[in-house]
Amino acid sequence: MHEEQTAGVGAERRIGQIEGPGFAERVKGAIIWRSGSQIVAQVLTWGSTFLVIRMLSPSDYGLFAMTQVVLMLLTLLNGYGFASALIQSESIDRQRVRQAFGMLLLLNGALAAAQIALAPLAAAYFRQPIVADLLRVQALFYLSTPFIALPNALLSREMDFRKQAKVNFASALAGAGTALACAWLGWGVWTLVAAPMALWWTRAIGMTIAARSLVWPSFRFKGAGHLFRFGGAMMAIQLFWFIQVQADVMIAGRVLDPHQLGIYTTALFLTQILATKFVPPLNEVAFAAYSRIQGERQRMSLAFLKAVRLIMLVSLPFYLGLAATAEPLVLTFLGPKWAETIAIVPLLALAMPVFTLQILFAPATNALGRPGIALRTGAVAATVMPLAFLSGIGWGIEGLAYAWLGGIIVITAATLALSLPPLGVTLGQLGRSLAPGVVAATAMALGVAALDTLLPPMAPQPRFAILLAFGGLLYAGGILLFARSLAEEVAALFRSRGPAAPAL
């Protein structure tokens, strides 16, 4: 009972503290803890991932990608939206927390059973019998979800990302160690199942302990209308998201062999690292912060523009630099076995700045209590991307890369049209926020490409190191010379002013 009171009534009591004078410092602390822990965890994960990629074959990644279509589809129904409703609500109580936990348990138990039942059908669709065995084991993922989603929501609501950071690091360590051990032991594609299994369950146990969220679930849902409405809208948004990002694998899985599919999905993984690994954690902080100031429209508009400006300042040089250094980067980190990805990495990398911008809008409009906006943009995406992939598949993996580039531009245009007015932001304001990063990153990429043509023949490792150092200096110099105020804004984010974010 004490834990329930801590999770429910305590959260309601603390909302006043969160919205007080120290709110900006709490947001700053949340960003530093969430982004900092993500960087550390991802460096650890990437280190193991690149080693594992060298030990496994493209076919292993192709088979794994086939299972991800089913896993991601059912994951849309895992009830994270019900937990997110606890963050978005202005106040919560003990009963709402218990109801959310009950919803999560029911949904995820049903999803595990559904995946086991659907496994043979998925194997038949992809004409790969092992897919059924992989999916049956992966059904265990769902059982960990309630013990991650609920504590994550309660800690995020309190802007307490310090505890989450510690758990995320421990889970990343468990996943990385499992991946390396299984790959070394010759587990093949099963390595790609065991590693996330270790990561998810370590996170579930750690988050539950950190948030003290092990409450007795309630299966009486009277008065839970807000949870159902907001959670249902979030599920629909996630369904459209699934179609947007998995339509390529669903279409290509029937046309390409596992080797070619593995080449494509690995190139996509490489170019989406920032958008899928670093931006979502920042969006978590943004959603929690936006939710606390949803009634102050001007303040929220300024906060959104600042978030876009700073995130794109980091994202743009990463993507354009990736496009300019694709060959030495792939040969350095993935090895010659993956040389076929070099042809499509630049195309996909050029699509990702637009993709990153597009996914920054949903946390803001959802925090306003208007998930219908993200729902409509998701519907556009779920229509445009499958059509683009169907048009491009005739040209193989290069056709899929061009489909990404064309499709995401259309989707982002629709997102801007639907999202900017409710946020009180004009297209001109958005353009001015993006301009310094766009100009500096473009100049950097052109400079790196020019230098690459002048370098004498050499091994990919020193070639990549030279291009990376030159590009970093060129970009930093451009920002300091022509957008010094932006550089100062970044520095201020990590410079304490006033009371430090409290240790929670």
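Remember, it's a predicted structure, so these values are computed and weren't measured experimentally.

Cut-offs used in this document
Residues numbered from 1 in each chain as written. Predicted model: local features only at pLDDT ≥ 70, side-chain atom pairs only at ≥ 80, totals over all residues. Heavy atoms only, no water. Helix = DSSP H or I, 4+ residues; strand = E, 2+ residues; numbered from the N terminus. Polar contact = N/O pair within 3.5 Å; in protein donor to acceptor, adjacent residues only side chain to side chain. Contact = heavy atoms within 4.5 Å. Expected span 1.5 Å × (residues − 1). Buried < 20%, exposed > 50% of the residue type's maximum accessible area, 1.4 Å probe, protein only. Patch = residues over 30% accessible without salt bridge, like charges linked within 9 Å, V, L, I, M, F, W, Y side chains within 5 Å. Areas by Shrake-Rupley, 256 points an atom, 1.4 Å probe, with all protein chains shown as cover. Salt bridge = Lys/Arg side-chain N within 4 Å of Asp/Glu carboxyl O. Phe/Tyr/Trp six-rings, centres within 6.5 Å; stacked < 30°, edge-to-face > 60°. Lys NZ or Arg CZ within 6 Å of the ring centre and 35° of its normal. Axes fitted to C-alpha atoms, helices over the stretch in contact; angles between N-to-C directions. Parallel < 35°, antiparallel > 145°, perpendicular 65-115°, else oblique. Nonpolar A, V, L, I, M, F, W, Y, C, P; charged D, E, K, R; others polar. Core = buried A, V, L, I, M, F, W, Y, C linked by side-chain atoms within 4.5 Å. pLDDT = per-residue confidence, 0-100. Left-handed = near helix turned anticlockwise from the far one by under 90°.

### A few points about unusual backbone geometry
Phi at Arg-127 takes a positive value of approximately 60°, unusual for a residue other than glycine. Note on placement: Arg-127 falls in the loop between α6 (94–126) and α7 (130–138). At Arg-212, a position not held by glycine, the phi torsion is positive, near 50°. Here Arg-212 lies in the loop between α11 (191–211) and α12 (225–255).

### As for the side chain of Arg-463
Assignment of secondary structure puts Arg-463 in helix α22 (residues 460–482). There is a polar contact of 2.9 Å between the side chain of Arg-463 and the side chain of Asp-452. For Arg-463, the contacting residues outside a window of four places in its chain are Glu-327, Pro-328, Asp-452, Leu-455 and Met-458.

### Examining α22
In this model, α22 (23 residues) spans 32 Å end to end at C-alpha, consistent with the 33 Å of a helix rising 1.5 Å per residue. Turning to α22, its buried residues number three or more, namely Pro-460, Arg-463, Phe-464, Leu-467, Gly-471, Tyr-475, Gly-478 and Ile-479.

### Considering the environment of Gly-447
Counting through the fold element by element, Gly-447 comes out in helix α21 (residues 427–454). Once you skip the residues sitting within four places of it in the chain, Gly-447 turns out to touch Phe-470 and Leu-474.

### As for a nonpolar patch on the surface
Taken together, the side chains of Leu-51, Met-55, Leu-180, Trp-184, Leu-185 and Trp-187 present a nonpolar region at the surface, about 670 Å² in accessible area. Residue assignment for the nonpolar patch shows that the elements contributing at least two residues are α3 (23–55) and α10 (162–184). Looking at the element boundaries, Met-55 is found in helix α3. With a relative accessible area of 41%, Met-55 lands in the partly exposed category.

### Section: the packing of aromatic side chains
Scanning all chains against the criterion turns up ten aromatic pairs. Ring geometry for Phe-304 versus Phe-361: centroids 5.0 Å apart, planes at 55°, classification tilted. One end of the pair, Phe-304, is in helix α15 (residues 297–324); the other, Phe-361, is in helix α18 (residues 361–367), with 57 residues separating them in the sequence. A single burial state applies to Phe-304 and to Phe-361, both of which are buried. For the pair Phe-389 and Trp-404, a centre-to-centre distance of 6.2 Å together with 65° between the ring planes defines the contact as edge-to-face. Here the residue Phe-389 occupies a position in helix α19 (residues 371–392), and Trp-404 occupies one in helix α20 (residues 396–423), the gap between them amounting to 15 residues. Neither residue differs from the other here; Phe-389 and Trp-404 are each classed as buried. Cluster of aromatic residues (ring-pair linked, three or more members): Trp-241, Phe-355, Phe-389 and Trp-404. When the ring centre of Tyr-125 is taken as origin, the NZ or CZ atom of Arg-254, which lies over that ring, is 4.8 Å away.

### Side note on the packing of helix α4 (residues 58–75) against helix α13 (residues 258–271)
When two helices pack together, their arrangement is captured by the angle between the axes and the distance separating the axes. In the contact formed by α4 and α13, the axes pass within 7 Å of each other and the chain directions differ by 80°. Classified by the angle between their axes, α4 and α13 sit roughly perpendicular to one another. Within the contact between the two elements, α4 uses Pro-58, Ser-59, Tyr-61, Gly-62, Ala-65 and Met-66 and α13 uses Pro-258, His-259, Leu-261, Gly-262, Ile-263, Thr-265 and Thr-266. Taken together, the residues that form the contact of α4 with α13 break down as seven nonpolar, six polar and no charged.

### Focus on the pattern of salt bridges
In total, this model carries three salt bridges according to the counting rule given. Of the charged contacts, one joins Glu-327 and Arg-463 as a salt bridge, the two residues approaching to 3.7 Å between their closest N and O atoms. On the criterion of sequence distance, the pair formed by Glu-327 in helix α16 (residues 326–333) and Arg-463 in helix α22 is long-range, its members being 136 residues apart. Given a relative accessible area of 38%, Glu-327 falls into the partly exposed group. By relative accessible area, Arg-463 is classed as buried at 17%. Put simply, Arg-463 and Asp-452 hold a salt bridge, and the shortest N to O gap is 2.9 Å. In this pair, Arg-463 is assigned in helix α22 and Asp-452 in helix α21, connecting sequence segments eleven residues apart. Assessed through its relative accessible area of 18%, Asp-452 is described here as buried.

### Some remarks on the nonpolar core
Judged by nonpolar contacts, the single largest core of 141 residues is most densely connected at Leu-150, Phe-389 and Trp-404. The leading source of residues in this core is α15, at 14 residues. In terms of nonpolar packing, the next biggest core, distinct from the first, is built from five residues, Met-159, Val-285, Ala-288 and Ala-289 among them.

### Quick notes on the side chain of Gln-164
Tracing the chain through its elements places Gln-164 in helix α10. Beyond its immediate chain neighbours, meaning those up to four positions away, Gln-164 contacts Asn-152, Leu-155, Ser-156, Met-207 and Glu-284.

### Section: the confidence of the model for the chain
The share of residues in the chain with pLDDT of 70 or more is 87%, and the mean pLDDT across the chain is 84. Confidence drops under a pLDDT of 50 for residues 1–21, and excluding neighbours within four residues, the segment shows 40 contacts in the predicted structure.

### Topic: the packing of helix α17 (residues 345–358) against α20
Running from amino to carboxyl end, α17 crosses α20 at an angle of 20°, the nearest separation of the two axes being 9 Å. When the interaxial angle is binned, α17 and α20 end up roughly parallel. α17 and α20 meet at a crossing whose hand is left-handed. Residues Leu-347, Leu-348, Leu-350, Ala-351, Met-352, Val-354, Phe-355, Leu-357 and Gln-358 of α17 form the contact with α20, whose participating residues are Glu-398, Ala-401, Tyr-402, Trp-404, Leu-405, Ile-408, Ile-409, Ile-411, Thr-412 and Thr-415. Among the residues forming the contact of α17 with α20, the class breakdown is 15 nonpolar, three polar and one charged.

### Observations regarding the environment of Gln-429
Tracing the backbone shows Gln-429 in helix α21. Excluding anything up to four places from it in sequence, Gln-429 contacts Leu-305 and Gly-424.

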